[in-house]
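Listed below, chain by chain, are the residues.
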Amino acid sequence: MAQEKRESRKGRAAWRVFWRVFFSILALLTAIFLYYLLSSLSLSVETLSLETKAVSPVRIVQLTDLHNTQYGERNEKLIALVAAQEPDLIFMCGDMLNRDEENTEIVTSLISALSSTAPVYYGYGNHEKTWEKRCGRSLKPLLEAAGAIVVDNDYVDLDLNGNPLRIGGYMGYYPLPHMTTADKSQQEREQAFFRDFEDTERIKLLIDHIPTGWVDWDYVNNYPVDVVFSGHYHGGVMRIPIIDQGLYAPYVGWFPPFSKGVYSGTQAVCVLSAGLGNDSRFPRVNNPPEIVVIDLIPKTEE
Ligand SMILES: [Fe+2]
């Protein structure tokens, strides 16, 4: 009887140790998750320099995938952060609003505010395209009235700091062969845009929301576009700490090989931003919303 009691006491003590260890590990993992979750709420700045044919530096701030998020009252924190970078140009690279929300005021007031800092070039994402289809009207007049230069499968040429630039925006089927359309005339129009866009000695800067062709299908080695500015992957939404690996990206699925950063080829460089917001069921974790500051600089003499 005494031995049975001793064994039962031992058993209870072992369970107590087990549950203590279990809850300690659980608390630690929860704390780590919360830390990474909270760290993904504040804005960050990624800066990089790219050597191009530029004869003098040009500074671009890239914003993408805002998804109607607001940082401070009327995005005042985001506006101040962009202004502090003193950009020559601001590129908005699509999905700045949400396809299933009427609200266009967040993005138009952001454009109005940022237009006093630098010219805002606006390329569409899949959300702008779907918004237009759903609402049966064009966003372009609204964005232009707010002060943006909309480049929707279109481009403009300009000279800046002595640099001849061509700035284009593309959102469509080509160069995405898996997104085929029965509308052959649309494909032809888009291909004609690309042929025309590429046919210049100017420095070619292309806002192309969807990076898949460039970073997953080797287009950086095939299409002569100097710099491509993309988003869409949201940095993989959740990033695994230590190995800094994104969890998921549309079209490429789980553990995408490349979901943020600079992807270089022989013909083009793709700057893939993790963006500023989210439209996924999962929160951004270990993945701070970011603006990207890109300095185009002259090539250094060898
Ligand atoms: Fe997006």
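Residues numbered from 1 in each chain as written. Predicted model: local features only at pLDDT ≥ 70, side-chain atom pairs only at ≥ 80, totals over all residues.

1. Comments concerning the overall build of the protein
- Looking only at helices and strands, the protein features seven helices and 16 strands.
- Along the three orthogonal principal directions, the C-alpha set of the protein runs to about 95 × 50 × 45 Å.
- A fraction of 73% describes how many contacts in the protein between residues 6 or more apart in sequence connect residues 24 or more apart. (Helix = DSSP H or I, 4+ residues; strand = E, 2+ residues; numbered from the N terminus. Contact = placed C-beta atoms within 7 Å.)

2. Points about the domain arrangement of the protein
- One can read the domain layout of the protein as domain 1 (1-39) and domain 2 (44-298).
- Inter-centroid distance (C-alpha atoms) of domain 1 to domain 2 is 48 Å.
- In this assembly, four residues from domain 1 lie in contact with five residues from domain 2.
- Each residue belonging to the side of domain 1 that touches domain 2 can be placed in one class, and the counts come to three nonpolar, one polar and no charged. (Domains from an automatic or database assignment. Nonpolar A, V, L, I, M, F, W, Y, C, P; charged D, E, K, R; others polar.)

3. Some thoughts on the sheet that holds strand β9 (residues 227-230)
- Sheet architecture is open: six strands sit in the order β6-β7-β8-β9-β15-β14, paired in mixed fashion. The sheet is open, and its two borders are formed by β6 (154-160) and β14 (261-264), each paired with just one other strand. Neighbour to neighbour, the strand axes of the sheet diverge by 20 degrees on average, direction disregarded.
- Summarising the sheet, β9 and strand β15 (residues 269-272) pair through four bridges and their orientation is parallel. Bridge pairing in β15 links Phe 229 to Val 271.
- In the packing of helix α6 (residues 184-198) onto the sheet, the strands contacted are β6, β7 (163-170) and β8 (203-208), and the crossing angle to β7 comes to about 170 degrees. (Pairing = 2+ DSSP bridges. Axes fitted to C-alpha atoms, helices over the stretch in contact; angles between N-to-C directions.)

4. A look at unusual backbone geometry
- Of note in the backbone geometry, His 232 takes a positive phi value of approximately 75 degrees without being a glycine.
- Relative to the elements of secondary structure, His 232 occurs in the loop between β9 and β10 (239-240).
- Taking the C-beta count within 10 Å as the criterion, His 232 has 25 such neighbours and is therefore assigned buried.
- Non-glycine residue His 234 carries a positive phi angle of around 55 degrees.
- His 234 sits in the buried class, given 29 other C-beta atoms within 10 Å. (Buried ≥ 20, exposed ≤ 12 C-beta atoms within 10 Å, placed from the backbone.)

5. Structural notes on the nonpolar core
- Judged by nonpolar contacts, the single largest core of 65 residues is most densely connected at Ile 90, Phe 91 and Cys 270.
- Those residues in contact with Ile 90, other than ones at most four positions away along the chain, are Val 61, Leu 63, Val 82, Leu 114, Thr 117, Ala 118, Pro 119 and Val 120. (Core = buried A, V, L, I, M, F, W, Y, C linked by C-beta atoms within 7 Å.)

6. A closer look at helix α4 (residues 126-135)
- Inspection of α4 places His 127, Glu 128 and Trp 131 among the buried residues, and these make up the whole buried set. For α4, the angular spread of the buried residues around the axis is 100 degrees, confining them to a single face.
- Directly after α4, the chain includes Gly 136, whose backbone phi takes a positive value near 70 degrees. (Arc of directions from axis to C-beta.)

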